[in-house]
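# Breakdown of the fold
Here's the letter readout for the chains.
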Amino acid sequence: ARKLTPYIRAWPGEAAHARAVTGLDVLARIGSDVALMLLNGIAQKVAFKGLQDKAREKIQTIADDRGLTTEELEDRLAPDLGLDEQGTLVLDFGPRQFKVGFDEALKPFVRERVDGRDGPRLPDLPKPKKTDDAELGKAAVERFKLLKKDVRTIASQQVLRLEVAMCSRRRWTPEVFQQFLVEHPLVRHLVQRLVWGVYACEPESSHGGTLQACFRVSEDGSFTDAQDDAWALPDGEHLRIGVPHALELPAEDAAGFGQLFADYELLQPFVQIGRDTYALTEAERGATELLRWKDAKVPTGRVLGLTAKGWRRGQAQDGGGIWYFSKPLGRDRVIELILDPGIIVGMVDEYPEQTLQEVHVGKPASWGDIDKKERFEQLDAISASELIRDLEALRH
């Protein structure tokens with residue numbers, strides 16, 4: 001799976017789209033955690049929209065076969081990479097051992113273990129010495145190389161998944177939250193750097209709800225409040241867990257958890273506490289087109305960077321041109337940003353600058369055009385804030 005995936009990603013650019021699609025079939029047939037992780041990586045981000053759509057179809061089929069939504073399947077697609085229950089790994093050189101940890105971006109680092117204690121943080125695994133066991137040292141080096149490679153694939157997926165969950169107001173049942181987030185050997189390193197909330201939701205709901213209380217997850221998997229006191233999840237079938245957005249995070253909790261993260265020297269994987277927030281004007285709320293960025297000129301590279309914020313490239317049309325980007329809102333609505341002159345697939349340098357046009361929201365039609373444009377007053381406050389935040393970032 002690891003050897004095949006780079007070829008799949010490159011083949012459409014070599015006029016071998018059909019071969020790439022067959023490659024997706026192979027990854028799905030392999031079906032291991034790593035193979036599905038790599039398949040999901042293509043579904044989330046790849047230079048070729050047609051291939052990305054095919055990968056999404058595969059992920060949707062796998063989810064349907066398992067009786068899950070795509071989001072629920074993604075909860076289960078993060079491999080544990082052989083880490084222990086505490087989310088660490090010990091690399092053995094014989095006379096020396098090194099403990100692997102992860103930072104806020106899931107980038108691995110090591111600490112040498114001396115007399116049962118962890119030494120200072122090292123940016124990379126040292127080379128084995130003559131006094132080390134040659135075979136153990138070689139195996140440890142190879143293990144760390146593979147770990148770094150796999151984590152590079154996983155990290156951006158998992159960070160984006162949690163940030164999108166915050167912005168889309170995604171919620172988990174306490175059981176799923178505990179099993180696939182708190183106790184996951186790798187994802188736990190991200191979970192412990194965020195503020196979490198308990199929400200009162202409608203029965204069977206997996207989005208929205210009313211925030212009841214906030215907490216954080218400690219290194220040992222226990223929960224604490226903003227004063228760092230022990231805290232327990234309340235009972236209730238209607239309760240769900242989610243990542244509170246800055247717009248719904250009470251100022252008192254934001255200050256308390258912000259101080260705790262500073263005290264414990266924990267950086268967040270993305271900006272949650274202190275995130276910039278925005279609002280539409282009354283005139284904009286009543287309109288079906290958002291024009292505040294119209295005619296703004298921005299580098300094409302920044303537009304492409306929207307894919308790291310949950311946006312998707314539009315469908316390539318005649319001549320391979322992409323003239324819009326879209327951001328999903330739930331299952332059947334999207335935000336759409338129009339571009340001029342557009343981006344040519346495989347020739348992104350053809351137009352180094354884009355002139356932004358209007359923004360719409362509504363239900364997508366077959367080619368990505370919005371079929372039924374809605375007034376922006378139907379956009380919830382968090383989605384509106386994130387839209388403005390994303391597009392303001394293009395200009396700065």
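Check the entry above for the structure.
Everything quoted here is computed from the prediction, not taken from an experiment. (Residues numbered from 1 in each chain as written. Predicted model: local features only at pLDDT ≥ 70, side-chain atom pairs only at ≥ 80, totals over all residues. Heavy atoms only, no water.)

Our next topic: helix 12 (residues 381-394). Along its 14 residues, helix 12 runs 21 Å from first to last C-alpha, staying within 8% of the 20 Å computed at 1.5 Å per residue. Of all 14 residues that make up helix 12, eleven are buried, and the element is covered over most of its length. Taken as a whole, helix 12 has its buried residues at Ile382, Ser383, Ala384, Ser385, Glu386, Leu387, Ile388, Asp390, Leu391, Glu392 and Leu394. Residues of helix 12 that are buried make contact with helix 6 (134-168), strand 9 (297-299), helix 11 (300-304), strand 11 (321-329), strand 12 (333-344) and strand 13 (353-364). The opening residue of helix 12, the one whose side-chain oxygen lies 3.1 Å from the backbone nitrogen of Ile382, is Asp380. (Helix = DSSP H or I, 4+ residues; strand = E, 2+ residues; numbered from the N terminus. Expected span 1.5 Å × (residues − 1). Buried < 20%, exposed > 50% of the residue type's maximum accessible area, 1.4 Å probe, protein only. Contact = heavy atoms within 4.5 Å. Polar contact = N/O pair within 3.5 Å; in protein donor to acceptor, adjacent residues only side chain to side chain.)

Quick look at the pairing of strand 11 now. With seven of its nine residues buried, strand 11 lies for the most part within the structure. Taken together, the two bridges between strand 10 (residues 312-313) and strand 11 define a ladder with antiparallel strand orientation. Note that in strand 11 the partner of Arg312 across the bridge is Ser326. Pairing of strand 11 with strand 12, which is carried by eight bridges, proceeds in the antiparallel orientation. Across the sheet, the residue bridging to Leu329 is Arg333, located in strand 12. Connecting strand 11 to the next strand, strand 12, in antiparallel fashion are three residues, including Gly330 with a positive phi near 70°. (Pairing = 2+ DSSP bridges.)

Backbone hydrogen bonds are what pair the strands of a sheet, in a parallel or an antiparallel way. Pairing is antiparallel in the open sheet, where four strands are placed in the order 1-2-3-4. This sheet does not close on itself; its edge strands, each paired only once, are strand 1 (89-92) and strand 4 (117-122). On average, each strand axis in the sheet is tilted by 35° relative to the strand beside it, whichever way the strands run. Across four bridges, strand 1 lies against strand 2 (residues 97-102) in antiparallel orientation. From the neighbouring strand, Val90 faces strand 2, where its bridge partner is Lys99. (Axes fitted to C-alpha atoms, helices over the stretch in contact; angles between N-to-C directions.)

The next subject is the packing of helix 2 (residues 17-30) against helix 4 (residues 49-65). Running from N to C, helix 2 and helix 4 point in directions that differ by 25°, and their axes come no closer than 10 Å. Viewed along their axes, helix 2 and helix 4 adopt a mutual orientation that is roughly parallel. When the axes of helix 2 and helix 4 are compared, the crossing they make is right-handed. Contact residues: His17, Ala20, Val21, Leu24, Asp25 and Ala28 in helix 2; Gly50, Leu51, Lys54, Ala55, Lys58 and Ile62 in helix 4. Here the contact of helix 2 with helix 4 is composed, by residue class, of seven nonpolar, two polar and three charged. (Parallel < 35°, antiparallel > 145°, perpendicular 65-115°, else oblique. Left-handed = near helix turned anticlockwise from the far one by under 90°. Nonpolar A, V, L, I, M, F, W, Y, C, P; charged D, E, K, R; others polar.)

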